[in-house]
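What the coordinates show
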Amino acid sequence: AAAAPPAGKRRRRGDPQTAPQLALTLLVRRGGVALRVPCAEAAALAGVVPLTAPAPPPTAAEKYGVCRFSGLIARYRDPATGERFGSVDALRQLRAAKAAEAEAAAKAAAAASAPAEVAA
């Protein structure tokens, strides 16, 4: 137990007699930074201090994707198709491509439903 300070003398926070000296070690590695804290009970810190650094946030390309027309980060979404695009020019190309796909699908459906001509 710590001895009580003499009457009239106040205990200071940094007083070496009252506070044990801890040697903190900062380790910088490729995988992250670690702070080593000496402790009589290392298990007491297991739930308090994280042992590894949290994962970095995703990049904008990972979060939004890349526009297939412009190659830019696809920050915007076409409300008609739900597909992502990166610029106004890419939106125009996207709409033109979707219109061409719809026209080709309509032609294929019309050719499939038309009666086949019989060769005599």
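Counting from 1, residues in each chain are numbered in the order their sequence is written. Side-chain atom pairs in this predicted model are given and counted only at pLDDT of 80 or more, local residue features only at pLDDT of at least 70, and totals for whole chains, interfaces and linings cover all residues. With hydrogens and water set aside, each side-chain value is computed from the structure's full complement of heavy atoms.

In this section: the overall build of the protein. Going along the chain from the N terminus, every DSSP run of H or I of four or more residues is numbered as a helix, and every run of E of two or more is numbered as a strand. Within the protein, the secondary structure is distributed over two helices and four strands. When the helices and strands of the protein are read in sequence order from the N terminus, they spell out β-β-α-β-β-α. Any two residues whose heavy atoms approach within 4.5 Å at even a single point are treated as in contact. Looking at the protein alone, contacts between residues at least 24 apart form 6% of all its contacts between residues at least 6 apart. Computed by Shrake-Rupley with a 1.4 Å probe, the accessible areas treat only the displayed protein chains as cover when residues are assessed. Of the roughly 10,400 Å² of accessible surface on the protein, 59% is carried by carbon and sulfur atoms.

Once that is clear, we can look at the packing of aromatic side chains. Stacked, edge-to-face and tilted are the three classes for Phe, Tyr and Trp ring pairs, Trp counted by its six-membered ring, which pair at centre distances within 6.5 Å; planes under 30 degrees apart are stacked, over 60 edge-to-face, the rest tilted. This model, assessed by the stated rule, comprises one aromatic pair. Ring centres of Y76 and F85 lie 5.8 Å apart, and the angle between their planes is 35°; on these two criteria the pair is classed as tilted.

With respect to the element layout, V66 can be found in the loop between α1 (60–64) and β3 (76–77). Along the sequence, V66 and G86 sit 20 residues apart, while their C-alpha atoms lie 7.5 Å from each other. Once you skip the residues sitting within four places of it in the chain, V66 turns out to touch A61, G71, L72 and A74.

Moving on: the pairing of strand β1 (residues 25–29). Relative accessible area decides the class of each residue, using a 1.4 Å probe on protein chains only: under 20% of the type maximum gives buried, over 50% gives exposed, and in between gives partly exposed. The buried fraction of β1 amounts to zero of the five residues, a small share that puts the element mostly on the outside. In this description, strands pair whenever DSSP reports at least two bridges between them. The loop that links β1 with its antiparallel partner strand β2 (residues 32–36) comprises two residues.

With that out of the way, let us pick up the nonpolar core. Nonpolar cores were defined as sets of buried Ala, Val, Leu, Ile, Met, Phe, Trp, Tyr and Cys residues, with membership established by side-chain atoms within 4.5 Å. Counting five residues, the largest nonpolar core consists of C67, A74, F85, A90 and L94. Ignoring sequence-local partners within four residues, the contact set of L94 consists of R68, F69, D78, T81, E83 and F85.

Let's shift gears to the pairing of β2. Of the strand pairs in this sheet, β1 and β2 are connected by five bridges, and their pairing is antiparallel. Residue pairing across strands places L26 opposite L35, the latter belonging to β2.

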